[in-house]
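Topology and contacts: notes
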Amino acid sequence: MKSKIIFSALLGIALVGISQFGFAEDIENTSHVAVDEEKFEQPDSKYNYQEIVILGYVENYERGQQITISIVSPDASEKEINTYASKKGEIYTLLHITQESQIGIHQVILTYHGVDIASTTFEILENQ
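Thresholds applied
Residues numbered from 1 in each chain as written. Predicted model: local features only at pLDDT ≥ 70, side-chain atom pairs only at ≥ 80, totals over all residues. Heavy atoms only, no water. Phe/Tyr/Trp six-rings, centres within 6.5 Å; stacked < 30°, edge-to-face > 60°. Helix = DSSP H or I, 4+ residues; strand = E, 2+ residues; numbered from the N terminus. Buried < 20%, exposed > 50% of the residue type's maximum accessible area, 1.4 Å probe, protein only.

For the structure on display, the rule yields 2 aromatic pairs. Here the aromatic rings of F40 and F122 are separated by 6.1 Å at their centres, their planes lie at 90°, and the arrangement is edge-to-face. Taken together, the residues span a long stretch of sequence, with F40 in strand β2 (residues 39–41) and F122 in strand β8 (residues 115–125) at a distance of 82 residues. Overall, F40 belongs to the buried group, its relative accessible area being 2%. Ring centres of Y61 and Y112 lie 5.6 Å apart, and the angle between their planes is 40°; on these two criteria the pair is classed as tilted. Of this pair, Y61 sits in the loop between β3 (50–57) and β4 (67–72) while Y112 sits in strand β7 (residues 104–112), and the two are 51 residues apart along the sequence. Residue Y112 is classed as buried on the basis of its relative accessible area, which comes to 7%.

As structure tokens, this is what we get:
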């Protein structure tokens, strides 16, 4: 009886692990963009800055094709970063948060061949 319960529990754990692995593979194979942290504190000095790491993946990336990463600030102003992905479609870009960066939620939009393919957000908090 005990062995049946243990076997059932192990089988359940294995099935959950396999399904999560399959889900992780699906995410890796679809276009996406992310930031290394969701909240950043605005630097208190004009001589300091924080770096946001923007990571992503472009499905069916054609080597040498430009990718645009748009940063939309809370006041709707927009900054564009033009970059390229690795030959596998992976993106790695840095963005600096300075004392002049706007407080609030910023949207990051990944554009490829003129089409918005993924987005995420991050927030800049007022220095306490």
